[in-house]
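Survey of secondary and tertiary structure
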Amino acid sequence: MSNHKKAYLEITNVCNLSCAFCPGTTRPAHTLTEDEFVTLANRVKPWAEYLYYHLMGEPTAHPLLPKFISIASDLGFKSIITTNGTLLKSRGDAIIAAKPYKINISLHAFEANPPGMSFDEYINSCLDFAQNAADSGIITVLRLWNLDGKADGALNEKNDSILAAMHKTFPDEWTKTRSGERIYDRVFLEWGDKFDWPDPTGDIINENGFCYGLRDQIGVLCDGTVVPCCLDHNGDIPLGNLFTQTLDEILASPRSKAIYDGFTAHKCNDNLCKRCMRAGYYRA
């Protein structure tokens, strides 16, 4: 039976952009070797069905990404890639040929950090990729996560131009979905609020709340450190290291159990969790 659990396996913490909405990371730069990827993927396989390729970093910048997707497929994973889209023009064909399950393209990245190309070149390359991926049987989600939400300074003046380009590429009738619209077979537009990443030095937001971290998702940083969720971008909640421990050992650790049991009781037990907007979304 499918378990629907997600592992965020960061294949590089290096990005080709520096977006206004992204906190980046102070961790040493590292890019996984093939042997490292195989080791970590095998160690999360008993727990997870879906494999993501980031916490920080731009996955499409990794030269071995297509090979990693193929390795993951052989292990039985469904691969999901989240990208800023800037490298799809040059690397998109190889990614499509590797047959990931889904691609998320963060179109809000352009306005948050103009990526050294024209807007038309950027949006057309992303939309061409989406159409080609969909025609190859791959789900593509075009994200505009730049609505005002709870954060100030959302960069969304390009949204109307992005939507106009989408209608030109995908002129058929769009249909509403829970989080946006279906604009083509296997292509979806997804709206979302701009949000603040949790900061261990920030103000406490939630003492009480709930999160699916350690329930349906874990994160593995590129040095092997296991963290509870995809928002722990700096490894502020290190639970163990998957290069030297099994995942079962890490999930059975006192800190892991305290976080898991705390959320069961709708309590944010860890310092970073108390400063995360997401815990409030699931508050009892």
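Preceding this paragraph is the structure being described.
I will try to describe carefully the structure that is included in this document. (Residues numbered from 1 in each chain as written. Predicted model: local features only at pLDDT ≥ 70, side-chain atom pairs only at ≥ 80, totals over all residues. Heavy atoms only, no water.)

Our next topic: the overall build of the protein chain. Counting its secondary structure elements, the protein chain contains nine helices and eleven strands. Taking 2.2 N^0.38 as the reference for a compact globule, 284 residues should give roughly 19 Å; the C-alpha atoms of the protein chain span a radius of gyration of 19 Å, in line with that estimate. Counting only C-alpha atoms and orienting by the principal axes, one finds that the protein chain spans roughly 55 × 40 × 40 Å. Each of the 284 residues in the protein chain was classed as buried or not, and the buried ones make up 51%. If you sum the accessible surface of the protein chain, you get close to 12,900 Å²; carbon and sulfur atoms cover 50% of it. Distance from the positive charge centre (28 side chains) to the negative charge centre (35 side chains) of the protein chain: 5 Å. (Helix = DSSP H or I, 4+ residues; strand = E, 2+ residues; numbered from the N terminus. Rg over C-alpha atoms; globule rule 2.2 N^0.38 Å. Buried < 20%, exposed > 50% of the residue type's maximum accessible area, 1.4 Å probe, protein only. Areas by Shrake-Rupley, 256 points an atom, 1.4 Å probe, with all protein chains shown as cover. Lys, Arg positive; Asp, Glu negative; His and termini not counted. Charge placed at Lys NZ, Arg CZ, Asp CG, Glu CD.)

Our next topic: helix α2 (residues 65-75). An α-helix turns once per 3.6 residues; consequently, residues spaced three or four apart project the same way. All of the buried residues along α2 are L65, F68, I69, I71 and A72. Mapping the buried residues of α2 onto a view down its axis gives an arc of 165°, with all of them on the same face. Against α1 (34-44), β2 (50-52), β3 (78-83) and α3 (88-98) lie the buried residues of α2. Looking one or two residues beyond α2, the residue adopting positive phi is G76, at roughly 95°. (Arc of directions from axis to C-beta. Contact = heavy atoms within 4.5 Å.)

This part takes up the sheet that holds strand β9 (residues 217-220). Strand order across the open sheet formed by eleven strands is β6-β7-β8-β5-β4-β3-β2-β1-β9-β10-β11, with mixed pairing between neighbours. The open sheet has two edge strands, β6 (175-176) and β11 (240-241), and neither has a second partner. When strand β1 (residues 6-9) meets β2, the two strands line up parallel, connected through three bridges. Each bridged residue has a counterpart across the sheet, and for K6 the counterpart in β2 is Y50. Here helix α5 (residues 119-135) sits on the sheet and contacts β4 (102-106), β5 (139-147), β7 (180-184) and β8 (187-193); the angle it forms with β5, its principal contact strand, is near 145°. (Pairing = 2+ DSSP bridges. Axes fitted to C-alpha atoms, helices over the stretch in contact; angles between N-to-C directions.)

If you look at soluble globular proteins, the nonpolar side chains tend to sit buried side by side. Ranked by internal contacts, the top residues of the largest apolar core, which has 70 residues, are F37, L51, Y53, L107, L142 and M166. Looking at which element gives the most residues to this core, the answer is α5, with nine residues. If near-sequence neighbours (up to four positions away) are discounted, L51 is found in contact with A7, L9, F37, V44, A72, F77, K78, S79 and I80. In this structure, Y52, V227, C230 and L231 belong to the second largest nonpolar core, which totals 13 residues. (Core = buried A, V, L, I, M, F, W, Y, C linked by side-chain atoms within 4.5 Å.)

Once that is clear, we can look at the packing of α5 against helix α6 (residues 159-169). Here α5 crosses α6 at 40°, and the two axes come no closer than 10 Å. The orientation of α5 relative to α6 falls into the category oblique. Regarding α5 and α6, the two cross each other, and that crossing is right-handed. Across from F119, I123, L127 and Q131 in α5, the residues of α6 making contact are S161, I162, A165, M166 and T169. (Parallel < 35°, antiparallel > 145°, perpendicular 65-115°, else oblique. Left-handed = near helix turned anticlockwise from the far one by under 90°.)

This next bit is on the packing of aromatic side chains. Using the criterion set out here, one finds nine aromatic pairs in the structure. Taken together, a centroid distance of 4.1 Å and an interplanar angle of 5° make the contact between F37 and F68 stacked. Note that F37 is positioned in helix α1 and F68 in helix α2, a separation of 31 residues in sequence. Taken as a pair, F37 and F68 share a single burial class, namely buried. A centroid spacing of 6.3 Å and a plane angle of 75° characterise the contact between F210 and F263, whose relative ring orientation is edge-to-face. On the criterion of sequence distance, the pair formed by F210 in the loop between β8 and β9 and F263 in helix α8 (residues 254-264) is long-range, its members being 53 residues apart. Both residues of the pair, F210 and F263, belong to the buried class. (Phe/Tyr/Trp six-rings, centres within 6.5 Å; stacked < 30°, edge-to-face > 60°.)

This next bit is on the side chain of N159. Relative to the helices and strands, N159 is located in helix α6. By relative accessible area, N159 is classed as buried at 8%. In contact with N159, other than residues within four places in its own chain, are L144, N146, L147 and W191.

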